[in-house]
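Secondary and tertiary structure notes
Given next are the chains, with one letter for each unit.
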Amino acid sequence: KMSSISRLGKAPSVVKSEGRALLKQLDAVSNETEPAEELYSLSLFKKNREALVEIGVLAGLVLALKTKDDSVKHVIARTLQLYAQDGSDIAVALKRLNICNASLELLTKTDTIEVLVPLSGLIYWLVQNPECKNEYMDMDAISYLKELNEKSRHAMLTKYLNYAINGLQPDVRSREELLQHIQQTPLNVS
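The shown structure was predicted, so the numbers you read here are calculated from the model rather than taken from an experiment. (Residues numbered from 1 in each chain as written. Predicted model: local features only at pLDDT ≥ 70, side-chain atom pairs only at ≥ 80, totals over all residues. Heavy atoms only, no water.)

Some remarks on the overall build of the protein chain
Here is the rule: Each helix is a run of H or I in the DSSP string that is no shorter than four residues. Each strand is a run of E no shorter than two, and both are numbered from the N terminus. Classification of residues uses two cut-offs on accessible area relative to the type maximum, computed with a 1.4 Å probe and protein chains only: under 20% is buried, over 50% is exposed, and between them is partly exposed. Whether two residues are in contact is decided by their heavy atoms: any pair within 4.5 Å suffices. Surface accessibility in these figures is a Shrake-Rupley result with a 1.4 Å probe; residues are shielded only by whichever protein chains are displayed.
Of the regular secondary structure elements, the protein chain holds 13 helices and zero strands. For the protein chain, the sequential pattern of α-helices and β-strands runs α-α-α-α-α-α-α-α-α-α-α-α-α. Every one of the 190 residues in the protein chain was classed for burial, and the buried ones make up 41%. Across the protein chain, the fraction of contacts at a sequence separation of at least 24, relative to all contacts at a separation of at least 6, is 71%. As displayed, the protein chain has an accessible area near 10800 Å², and 51% of this comes from carbon and sulfur atoms.

The structure is reproduced here in structure tokens:
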């Protein structure tokens, strides 16, 4: 019979402890995917991500994204996508860790599809935040994304690139701006 703790998930203190250990392993062994995959699994639940943010997981993930191993980059980019979906505070924290520049630079320097797909997905989620969107616009990311999109023969990569390109259009509001606009606009009910 499962205990109530295992059904509900891990306690935040356990998540933090496991997260610290995994970050140390990830830092020490940059070419093994196991710590990255375990960190991804741990990050699947929002409650766990909140606990992991408290121990500085974002900085560790951004640093790990710079590894030379494509398998690790793939898992780290997927993990960062999870965090990028957690709202404005996380997106801004990632921006402060220079993720916009790092993700665009990596996107232009790799041709490995297993890295390009989650990386373009990460960029898509980041452009949903107005500050990150402005950062990407200032770097002229749209021209890089369009160039990559023209060369792409991979359906999922093309999908994410198109989403990111559309999200970077000046007249398109970010998800957060749209939600804010909807909340501020009175409903016209007749």
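Considering the packing of helix α2 (residues 12–28) against helix α4 (residues 46–54)
The line we're drawing: In this analysis, axes come from line fits to C-alpha atoms, helices being fitted only over the stretch in contact, and the angle between any two N-to-C directions falls in the range 0 to 180 degrees. An angle below 35 degrees is treated as roughly parallel, one above 145 as roughly antiparallel, one from 65 to 115 as roughly perpendicular, and anything else as oblique. For any pair of crossing helices, the crossing counts as left-handed if the nearer helix is rotated counterclockwise from the farther one by less than a right angle, and right-handed if it is rotated clockwise.
It is the contact of α2 with α4, at a shortest axis distance of 9 Å, that shows an interaxial angle of 60 degrees. Taken together, the axes of α2 and α4 are oblique relative to one another. Here the hand of the crossing between α2 and α4 comes out right-handed. Along its contact with α2, which presents P12, V15, K16 and G19, the element α4 presents N48, A51, L52 and E54.

What to know about the packing of helix α11 (residues 141–151) against helix α12 (residues 155–167)
Test applied: Ten residue types, Ala, Val, Leu, Ile, Met, Phe, Trp, Tyr, Cys and Pro, are classed as nonpolar, four, Asp, Glu, Lys and Arg, as charged, and the remainder, Gly among them, as polar.
Axis separation between α11 and α12 bottoms out at 10 Å; the angle between their running directions is 155 degrees. The orientation of α11 relative to α12 falls into the category roughly antiparallel. Our pair here, α11 against α12, has a crossing hand that is left-handed. On α12, the residues touching I142, L145, K146, L148 and N149 of α11 are T158, L161, N162, A164 and I165. Class assignment of the residues belonging to the contact of α11 with α12 gives a composition of six nonpolar, three polar and one charged.

Quick look at the side chain of K73
Of note, K73 is situated in helix α6 (residues 70–84). The class of K73 is buried, set by a relative accessible area of 10%. Those residues in contact with K73 that lie beyond four places of it in its chain are L65, T67, K68, L106 and V115.

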